[in-house]
Amino acid sequence: MIHPSLLQLVIGGFIGVGAGYVGAFMILRRMALVGDALSHVALPGLALALLLNFNPFYGAFATLFIAVIGVWALERKTSLSSETLVGIFFTTALALGILLTPEPELLEALFGDISKVTLSDAYITLPVVLGMIAIVAAISKTLVLGTISKELTQSMGLKVNRVNFLFLLLVALIVALGIKVTGTLLMGALVIIPATAARNISITFSRYAAAAAVFGGLTSIGGIWIAQQYALNPGPMVVLAGGIIFLISLFFKK
Amino acid sequence: MWYTGAMSEQEPILSVNQLSVAFEAHQVLKDVSFEVQPGDVLAIVGPNGAGKSVLFRSLLNLIPFAGVISWAPDARVSYIPQRFSIDQDFPLTVREFFHFKSKNKQDILAALHSVGITNEHHIQHHILNQRVGWLSGGQLQRILIAWSIIDKPDVILLDEPTAGIDVGGEETIYNLIKKLHDERKLTIIMISHDLDIVYRYATNVLCLNKEMVCYGVPVEALDAEALKKMYGEASVYSHPHKHHHSEP
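S.K.: Whenever I open this one, the overall build of chain A confuses me. Can you help?
M.R.: The helix and strand tally for chain A stands at ten helices and zero strands. C-alpha extents for chain A along the principal axes are approximately 55 × 40 × 30 Å.

And the structure:
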């Protein structure tokens, strides 16, 4: 039997690595705020899962999935500023989620609680994170080139729109997973901070993506470990650990 | 002047017939027809909003259109967009940028040589390991041209190749394009706003203003009538057309 503290560190570490790696692409695509606001959408799904008694991961992913399709459609179909729409719909979803979530679980839903994880969470998390990293690596060429010039990328026969949609789904997936670690309010930090710190210290893309994954893992493991030692709430501690890594990275800025 | 008359017996590398493009109710291109022979340099001119970039997107099959666009079956087409925005701190080196197309070191070096970047030390230390975002406008354009020829295309589409480049740099880029055309027997289709460049470098010109205003050899096609249809009455008297008798 795995010790609960170790299980927390392993699951948290995997989620951190996945969030850091996916976050690296989100930062390049200027999706930082979308990722942050998107995490709030998970709350109503989480609340429904708690009320109806099924795994919160599926509830969170279901509402995130709907939100992602919404964002994707809005980006393609309207000239409205998606930032504004995201701001309106996602805070509304958060408010709805807060009202729906049973009082005793509210704090956990908002700020996460990795101490509740079980072995079955490991069976979901580990393969999902590994598969996700493999998919993102496979579509990285289209993601990166598509960020620089969509038309150039399309002219090479690469399916930019399809890849963008797939990427949004993966963002929803990692956010749904990460809610266990940092909760719906702070999940944005786990995708934004490691990647931003990695950007400070990298000239090449390969180093940037790798550093983001490593920083994500360190952020998550470091925060959870400190929280375990001093009996603190792990979610905010993880975000603080990320902030410290970011500050250190500033001294090595390229 | 590059004489292409002898080639007219050949199959065209591109033929466009009755091309029309509309976005919702808004007609952007109407009944455009022309042919491009292998080795031609076709310049596309016209005012802002004339549909030049839309024509390119149709040629690349990126947008829906009416009419027929047919490329020669074995034609390999490369495209250099006008808008290529990359932040200074975008973590991507020139080497990694090339690797999106080819990981073969010899191919990369050959392409760089073709655009006049030949110094081995310079290539290793100041080009390949540089961030793409750190390149100057002129350098970036050279790298883009090198990037576009790495997989040995037959045709290159260039959208305003010298936008955002200073006057001296413009000259260099056009000479470079001419050199590639001569050395590699490339077919060039380029959008340009500079009529002076069109007279000097193009074998054919296509004037657009939503519909086709003129098409042919520049000295014949770009007459007062065509200019008036594109740029309005005043242009006929004031457009900066210089003759270059110094050309060899």
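S.K.: Would you take a moment to explain the overall build of chain B for this structure?
M.R.: Of regular secondary structure, chain B possesses ten helices and nine strands. Burial statistics for chain B: of 248 residues in total, 37% are counted as buried.

S.K.: Mind showing me how you'd approach the confidence of the model for chain A here?
M.R.: As a note on interpretation, predicted positions should not be read in detail where pLDDT is low. Of the residues in chain A, 97% have a pLDDT of 70 or more, and the chain-wide mean is 89. Element-level mean pLDDT values for chain A span from 82 in helix H4 (residues 82-100) of chain A up to 96 in helix H9 (residues 205-230) of chain A.

S.K.: How should I be thinking about the interface of chain B and chain A in this particular structure?
M.R.: Where interface size is quoted, it is often the accessible area lost as the parts come together. Listed by partner, the interface residues are 16 residues for chain B and 17 residues for chain A. Here the side of chain B that touches chain A is built from residues that sort into ten nonpolar, one polar and five charged.

S.K.: Explain the nonpolar core here, please?
M.R.: In a soluble, globular protein the nonpolar side chains are often hidden away together inside. Residues and elements named next belong to chain A. If you look at the biggest cluster of nonpolar residues, it comprises 152 residues, and the most contacted ones within it are Val22, Leu64, Val171 and Ala176. When residues of this core are assigned to their parent elements, the largest contribution, 23 residues, is made by helix H8 (residues 160-201). Ignoring sequence-local partners within four residues, the contact set of Val22 consists of Met132, Val136, Leu170, Val171, Ile174 and Val191.

S.K.: Before we go on, may I ask you to explain the packing of helix H5 (residues 137-149) of chain B against helix H6 (residues 167-184) of chain B in this structure?
M.R.: Residue and element names in this part refer to chain B. Running from N to C, H5 and H6 cross one another at 15°; their axes reach a closest spacing of 10 Å. Put simply, H5 runs roughly parallel to H6. Along this stretch, H5 crosses H6, giving a crossing that reads as right-handed. Contacts between H5 and H6 pair Gly137, Gly138, Gln141, Arg142, Ile145 and Ile149 from the former with Gly169, Thr172, Ile173, Leu176 and Leu180 from the latter.

S.K.: Whenever I open this one, the environment of Ala172(A) confuses me. Can you help?
M.R.: Residue and element names in this part refer to chain A. Structurally, Ala172 can be placed in helix H8. You can call Ala172 buried: it has 26 C-beta atoms within 10 Å. Apart from the residues within four sequence positions on either side, Ala172 is in contact with Phe61, Leu64, Phe65 and Val68.

S.K.: I tried to follow unusual backbone geometry on my own but got confused; where do I start?
M.R.: Most peptide bonds take the trans configuration, and most residues that are not glycine carry a negative phi. Positive phi, normally seen in glycine, also occurs at Asn53(A), with a value near 65°. Look at Asn53(A) and you get exposed, because 6 C-beta atoms sit within 10 Å. Phi at Glu24(B) takes a positive value of approximately 55°, unusual for a residue other than glycine. C-beta crowding within 10 Å serves as the criterion here: with 5 such atoms nearby, Glu24(B) is assigned to the exposed category.

S.K.: I keep staring at the environment of Ile221(A) and nothing clicks. Help me out?
M.R.: Residue and element names in this part refer to chain A. Here Ile221 shows up in helix H9. Taking the number of C-beta atoms within 10 Å as the measure of exposure, Ile221 has 20 and is therefore buried. In the structure, Ile221 is positioned 216 residues away from Ser5 in sequence and 11 Å away in space, judged by C-alpha atoms. Residue contacts for Ile221: discarding those within four places in its chain leaves Leu9, Gly12, Gly13 and Gly16.

S.K.: Can you walk me through the pairing of strand S1 (residues 14-23) of chain B in this structure?
M.R.: The side chains of a regular strand alternate, residue by residue, between the two faces of the sheet. Residue and element names in this part refer to chain B. One ladder, built from seven bridges, connects S1 with strand S2 (residues 26-36); its direction is antiparallel. Bridge pairing in S2 links Leu19 to Val32. Turn length for the S1-S2 hairpin, with the two strands adjacent in sequence and antiparallel, is two residues, and the turn residue Glu24 shows positive phi of about 55°. Of the pairings in the sheet, the one linking S1 to strand S4 (residues 66-71) comprises five bridges and is antiparallel in character. Directly across from Ser15, in S4, lies its bridge partner Ser70.

S.K.: Where do I start with H8(A) in this structure?
M.R.: Every α-helix winds through 3.6 residues per turn, so residues three or four apart in the chain are directed the same way. Residues and elements named next belong to chain A. Taking 1.5 Å as the rise per residue, H8 with 42 residues should run 62 Å; its terminal C-alpha atoms sit only 28 Å apart, a clear shortfall. Of all the bends in H8, the largest measures some 115° and sits at Leu185. In terms of burial, H8 is a largely internal element, 32 of the 42 residues being buried.

S.K.: Would you mind going over the confidence of the model for chain B with me for this structure?
M.R.: Residues and elements named next belong to chain B. Of the residues in chain B, 90% have a pLDDT of 70 or more, and the chain-wide mean is 85. Within chain B, helix H2 (residues 94-99) carries the highest mean pLDDT (95), whereas helix H10 (residues 235-238) carries the lowest (56). Low pLDDT, under 50, characterises residues 1-8; the predicted model gives this stretch nine contacts beyond four residues in sequence or across chains. Residue range residues 242-248 is modelled with pLDDT below 50. Its contacts to residues more than four positions away, or to other chains, number three contacts.

S.K.: Would you mind going over helix H10 (residues 234-250) of chain A with me for this structure?
M.R.: Between its first and last C-alpha, H10(A) extends 25 Å over 17 residues, near the 24 Å set by a 1.5 Å rise per residue. The complete set of buried residues in H10(A) reads Pro234(A), Gly235(A), Met237(A), Val238(A), Val239(A), Ala241(A), Gly242(A), Ile245(A) and Ser249(A).

S.K.: What's the story with the packing of H9(A) against H10(A) in this structure? I'm lost.
M.R.: Packed helices, taken two at a time, are described by the angle their axes make and the gap between the axes. All names here are of chain A. Their axes nearest at 7 Å, the elements H9 and H10 cross at an angle of 130°. Regarding the angle of H9 to H10, the classification is oblique. The two elements H9 and H10 cross, and the hand of that crossing is right-handed. Together, Phe215, Leu218, Thr219, Ser220, Gly222, Gly223, Ile224, Ile226 and Ala227 of H9 and Pro234, Met237, Val238, Leu240, Ala241, Gly242 and Ile245 of H10 make up the contact between the two elements.

Reading the values: rules and limits
- Residues numbered from 1 in each chain as written.
- Chains lettered and ligands numbered in written order.
- Predicted model: local features only at pLDDT ≥ 70, side-chain atom pairs only at ≥ 80, totals over all residues.
- Helix = DSSP H or I, 4+ residues; strand = E, 2+ residues; numbered from the N terminus.
- Buried ≥ 20, exposed ≤ 12 C-beta atoms within 10 Å, placed from the backbone.
- pLDDT = per-residue confidence, 0-100.
- Contact = placed C-beta atoms within 7 Å.
- Nonpolar A, V, L, I, M, F, W, Y, C, P; charged D, E, K, R; others polar.
- Core = buried A, V, L, I, M, F, W, Y, C linked by C-beta atoms within 7 Å.
- Axes fitted to C-alpha atoms, helices over the stretch in contact; angles between N-to-C directions.
- Parallel < 35°, antiparallel > 145°, perpendicular 65-115°, else oblique.
- Left-handed = near helix turned anticlockwise from the far one by under 90°.
- Pairing = 2+ DSSP bridges.
- Expected span 1.5 Å × (residues − 1).
- Bend = angle between axes of the 7 residues up to and from the residue.

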